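Fold and geometry: a report
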Amino acid sequence: VTCGSAVKLTHLGASSSTKQYYLNSDTHNFSSGSGHQIVTVVPSNTKHSSLWSIREGHEQTPCTAGQKLTCGSRIRLTHISTGRNLHTHGIRSPLSRQQEVSGFGEEGKGDGGDDWIITCEGSDTYWMRNRPFKLQHKDTRTYLSSNAQYQYNQRNCGRNCPIVNHLEVAAKATPDLETRWKVELGVHLSH
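Being a predicted model, the structure only gives us computed values, none of them experimental.

A short note on the pattern of salt bridges
Summed over the entire model, instances satisfying the criterion amount to 10 salt bridges. Between Arg76 and Glu56 there is a salt bridge, with the nearest N and O atoms lying 3.3 Å from each other. Placement of the pair is Arg76 in strand β5 (residues 74-79) and Glu56 in strand β4 (residues 52-56), with a sequence separation of 20 residues. Across this residue pair, the class does not change: Arg76 and Glu56 are buried. In this structure, Asp115 and Arg74 form a salt bridge, with 2.7 Å as the shortest nitrogen-oxygen distance. Here Asp115 is found in the loop between β7 (99-104) and β8 (116-120), whereas its partner Arg74 is found in strand β5, with 41 residues between them in sequence. The class for Asp115 is buried, based on a relative accessible area of 1%. Overall, the relative accessible area of 24% leaves Arg74 in the partly exposed class. Through salt bridges that share partners, Glu121, Lys134 and Arg180 make up one connected network.

Regarding the pairing of β4
Along β4, four of the five residues are buried, which leaves the element largely enclosed by surrounding structure. Across two bridges, strand β1 (residues 6-11) lies against β4 in antiparallel orientation. Looking at the pairing, Val7 lines up with Trp52 of β4. Bridge analysis of β4 against β5 gives five bridges, and the strand direction is antiparallel. Counterpart to Arg55 in the pairing with β5 is Arg76.

What counts, and at which threshold
Residues numbered from 1 in each chain as written. Predicted model: local features only at pLDDT ≥ 70, side-chain atom pairs only at ≥ 80, totals over all residues. Heavy atoms only, no water. Salt bridge = Lys/Arg side-chain N within 4 Å of Asp/Glu carboxyl O. Helix = DSSP H or I, 4+ residues; strand = E, 2+ residues; numbered from the N terminus. Buried < 20%, exposed > 50% of the residue type's maximum accessible area, 1.4 Å probe, protein only. Pairing = 2+ DSSP bridges.

In structure tokens, the structure reads:
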């Protein structure tokens, strides 16, 4: 996986052999909590709203497009459609009561709350496509997660909810099966 690539992150914990879930965002904001842009996982790989650009961490030297990313690298994921960065902070998530994950910033500009550390599994030196990994938030040390148990519906989201049937994305303190992801689809740059 390389800097500057536009990728779709597949959540391994909620996915099964018949259905894959992808990290997603749109122009809708939370009505409580931070009020930031909502981030969920969705069971469709055809949505353009599931594409994220991989960039260097906040206030780091810009990485070179196509540069291989090593395990342990600090990155930002910027949502292609809205320019918001994948972000977390101390606010509770609405369903699981973990830590809220949201889209934050404008046109890729944000703050240190947008930084994530690539945590590879096994002995990989580089972040590899189709291999499980975790994203650990730099500031809060929590892990990007989702769980099929925390699905938005009309009861917990209201009538005309724009994210019905999406799964909540949160950041949790302990890594486990719910914090495993992989990159397989996208536009992968190389040099």
